[in-house]
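Residue-level structural notes
Chain by chain, the residues run as shown.
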Amino acid sequence: MLCLAMMPLACMAQQGLKDAIGKYCLIGAAVNQWQSDGQVPEADAVLDRHFNCAVAENCMKPEVLAPAEGIFDFRVADKFVAYCQRHNLKVLGHCLVWHSQAPDWWFTNGYTASPASKEVLKERLIKHIKTVVGHYKGQVHGWDVVNEAINDDGSFRQSPYYRLLGEEFIEIAFRTAHEADPDAELYYNDYSMSGQAKREAVCRLVKNLKAKGLRIDGVGMQSHNGLDYPDLAEYEKSIDAFAACGVKVMITELDINVLPNPEGFGGAAVEQNFEFQQKYNPYVDGLPAAKQKELDERWLALFNIYYKHRSQISRINLWGISDGGSWLNGWPIAGRTNYPLLFDRQYRPKPVVNEIIKLYK
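Now for a look at the structure at hand. All chains use their own residue numbering, which begins from 1 and follows the written sequence. This being a predicted model, a pLDDT of at least 70 is required before a residue's local features are given, and a value of 80 or more before pairs of side-chain atoms are given or counted; all residues contribute to the totals for chains, interfaces and linings. Side-chain figures throughout are based on the complete set of non-hydrogen atoms in the structure, without hydrogens or water.

1. Looking at the pairing of strand S2 (residues 53–56)
Burial classification: accessible surface area is computed with a 1.4 Å probe over protein chains only, and a residue below 20% of its type maximum counts as buried, one above 50% as exposed, and the rest as partly exposed. Note on conventions: DSSP H or I runs of at least 4 residues are helices, E runs of at least 2 residues are strands, and numbering of each starts at the N terminus. The alternating pattern of S2 places Cys53 and Val55 and Ala54 and Ala56 on opposite faces, both of which are buried. As judged from the four bridges shared by strand S1 (residues 26–31) and S2, these two strands associate in the parallel manner. Within S2, the position partnered with alanine 29 by the bridge is alanine 54. In the sheet, S2 pairs with strand S3 (residues 90–98) via three bridges, with the strands oriented parallel. Opposite cysteine 53, over in S3, you have lysine 90 as the bridge partner. Only strands joined by at least two bridges in the DSSP assignment are considered to pair.

Spelled out as structure tokens, the structure:
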């Protein structure tokens, strides 16, 4: 009788995030090279138990895949894809077109300092997407085709792509990606997606692409959140708005920053860098109980929203596996100790993980 009575508890102990959330959507994490190279068995165990998809944090970005013009280096990305296949993780490709983390030669005329022409950039863009998507045809579930092309005020970012090609660069990217792998899902991905101006601009973009007969399957809301941002009511409005455009909604780069932000910080633009000051790094020895409680409550508030909108959300993707590997330890201030993920520095699940699992039962 005792064994029978304990069976539900044992079953609960074996539950992972994918067992609960996976009934409704994909649940994944960003993986770094040292993890996908198989150097961290603790990371393997977390992925096996809790996740059913993964995205490469860096190794599928243009600066890694295309180090010089005419040269493609797929070695690290191939290892990532093979790693995902071994661990039964659907592969998400991140990202094909982004103004940041592009190789030095991308926007220049050969090895000179002069900018590339419109024709040259268009040719490079098409060649890169055809080559990369074609290389992984049938192996990648979906691609972040264009990343961060819209400013918070709803205008198009004045990136080299936009300055040379205008809004057409987005159409070129989606059209080329679809031609290279007609079965892959295609996404637009951006940060600060709860703002009204950006929300409306992304909806216009989605509708314009659809009106031109181009495939776009989903919108990624990056969700680099904090304890007091974004406004959760506005965040929900964006989920509803994107779903109403007829595309899937994805929470693509989820984490929660618990550290105080320097003056002038905002959004998730990687260009932001601030000088280290100890006042911005107050929790080197761990989070105080009150701050941990605040963080847990924020996680549960977010996952209550995701559960409420489970019919609209197709993927939830944490930006990293454990606290120690999070980019938020080094951005926007290098050398800090942050606690932004659901697994601690020893890859142990935080108590809130079980509370999240309970939400989906």
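There is more to say after this.
2. Re the environment of asparagine 147
Structurally, asparagine 147 is set in strand S4 (residues 142–147). Note on contacts: a residue pair is in contact if any heavy atoms of the two residues lie within 4.5 Å. Residue contacts for asparagine 147: discarding those within four places in its chain leaves His94, Cys95, Val97, Trp98, His99, Asn189, Gln222 and Glu253.

3. A closer look at the layout of surface pockets
The distinction between a cavity and a pocket rests on a 1 Å grid over the protein atoms alone: a 1.4 Å probe fits inside a cavity but cannot get out, while a pocket stays open yet meets protein on both sides within 12 Å along at least five of seven lines, and a residue with an atom within 4 Å of a point counts as lining. Grid points are joined across faces, edges and corners, and a volume is the space filled by probe spheres set on the points. Put simply, the second largest pocket is a space of about 190 Å³. Lining of the second largest pocket is provided by 17 residues; of these, Lys61, Gln101, Val270, Trp319 and Trp327 occupy positions nearest its centre. Residue polarity follows a fixed list, in which Ala, Val, Leu, Ile, Met, Phe, Trp, Tyr, Cys and Pro are nonpolar, Asp, Glu, Lys and Arg are charged, and the others, Gly among them, are polar. In terms of residue class, the lining of the second largest pocket is built from five nonpolar, eight polar and four charged.

4. Quick notes on the packing of aromatic side chains
Ring geometry is summarised as follows: Phe, Tyr and Trp rings, the Trp one being its six-membered ring, pair when their centres sit within 6.5 Å, and such pairs are stacked at plane angles under 30 degrees, edge-to-face over 60 and tilted between the two. The final tally for this structure, using the stated rule, is 15 aromatic pairs. Here the aromatic rings of tyrosine 24 and tyrosine 307 are separated by 6.1 Å at their centres, their planes lie at 85°, and the arrangement is edge-to-face. Note that tyrosine 24 is positioned in the loop between helix H2 (17–21) and S1 and tyrosine 307 in helix H12 (residues 289–308), a separation of 283 residues in sequence. We classify tyrosine 24 as partly exposed; its relative accessible area is 35%. Between phenylalanine 74 and tyrosine 136 the ring centres are 5.7 Å apart and the planes differ by 80°, which places this aromatic pair in the edge-to-face class. Of this pair, phenylalanine 74 sits in the loop between helix H5 (62–65) and helix H6 (75–86) while tyrosine 136 sits in the loop between helix H7 (118–135) and S4; the two residues are 62 residues apart in sequence, bridging distant segments of the chain.

5. A word on the nonpolar core
One finds Trp143, Tyr306 and Ile316 to be the most contacted residues of the largest nonpolar core, which totals 103 residues. Here this core takes seven residues from helix H9 (residues 168–180), the largest share from any one element. Tyrosine 306 has contacts with Ser223, Asn225, Tyr235, Ile251, Leu254, Ile313, Ile316 and Tyr360, leaving out every residue within four places of it along the chain. For our purposes a nonpolar core is just a set of buried Ala, Val, Leu, Ile, Met, Phe, Trp, Tyr and Cys residues, chained together by side-chain atoms within 4.5 Å. If you look at the next biggest cluster of nonpolar residues, it comprises 11 residues, including Cys53, Val55, Leu92 and Trp319.

6. Some details on helix H10 (residues 196–211)
For H10, spanning 16 residues, the distance from its first C-alpha to its last is 22 Å, which sits close to the expected 22 Å at 1.5 Å a residue. Buried residues along H10 sit in contact with H9, strand S5 (185–190), strand S6 (218–221) and helix H11 (232–244). In the stretch just after H10, glycine 213 is the one whose phi turns positive, near 80°. To estimate the expected span of a helix, subtract one from its residue number and multiply by 1.5 Å.

7. Regarding H6
Under the 1.5 Å per step criterion, the end-to-end length of H6 is 17 Å for 12 residues, consistent within 8% with the ideal 16 Å. When H6 is considered as a whole, its buried residues turn out to be Ala77, Phe80, Val81, Tyr83 and Cys84. One side of H6 carries all its buried residues, which in axial view fall inside an arc of 155°. Of the exposed residues in H6, the ones pointing more than 90 degrees away from its buried face are Arg75 and Arg86. To be clear, the arc concerns the directions from the helix axis to the C-beta atoms.

8. Describing the packing of H7 against H9
At a closest axis distance of 8 Å, the pairing of H7 and H9 adopts a crossing angle of 30°. Judged by the angle between their axes, H7 and H9 are roughly parallel. Note that H7 runs across H9; the crossing there is right-handed. Contacts from Lys118, Lys122, Leu125, Ile126, Ile129, Lys130, Val133 and Gly134 of H7 reach H9 at Glu168, Phe169, Ile172, Ala173, Thr176, Ala177 and Ala180. Across the contact of H7 with H9, the residue classes break down as nine nonpolar, two polar and four charged. What counts as an axis is a line fitted to C-alpha atoms, over the stretch in contact for a helix, and the angles between N-to-C directions run from 0 to 180 degrees. Note on angle classes: values under 35 degrees are labelled roughly parallel, values over 145 roughly antiparallel, values of 65 to 115 roughly perpendicular, and the remainder oblique. What makes a crossing left-handed is the near helix being turned counterclockwise from the far one by less than a right angle; a clockwise turn instead makes it right-handed.

9. Some thoughts on the state of the cysteines
Two cysteines joined by a covalent bond between their sulfur atoms form a disulfide. Sulfur atoms of two cysteines make up a disulfide when they are within 2.5 Å. Scanning the entire structure with this criterion turns up zero disulfides. The thiol of cysteine 53 is not disulfide-bonded; the next cysteine sulfur, from cysteine 25, is found 8.4 Å away. For cysteine 53, a relative accessible area of 0% corresponds to the buried category. Free of any disulfide, cysteine 95 has its nearest neighbouring cysteine sulfur in cysteine 59, separated by 12 Å.

10. Considering the packing of H12 against helix H13 (residues 352–359)
Running from N to C, H12 and H13 cross one another at 20°; their axes reach a closest spacing of 10 Å. One finds that H12 runs roughly parallel with respect to H13. Along this stretch, H12 crosses H13, giving a crossing that reads as right-handed. Every residue of H13 that contacts H12 at Asp296, Trp299, Leu300, Phe303, Asn304 and Tyr307 is listed here: Val352, Glu355, Ile356 and Leu359.

11. A few points about the pattern of salt bridges
When a carboxyl oxygen of Asp or Glu lies within 4 Å of a side-chain nitrogen of Lys or Arg, that pair is called a salt bridge. The final tally for this structure, using the stated rule, is 16 salt bridges. For arginine 75, the salt bridge goes to aspartate 73, with nearest N and O atoms at 2.8 Å. Notably, a salt bridge pairs lysine 293 with glutamate 297, separated by 2.6 Å at the nearest N-O pair. In this pair, lysine 293 and glutamate 297 are both assigned in helix H12, four residues apart and thus about one turn of the helix distant. Lysine 293 gets classed as exposed once you look at its relative accessible area, which sits at 51%. Among the charged side chains, a salt-bridge network with shared partners connects Asp152, Asp190 and Lys198.

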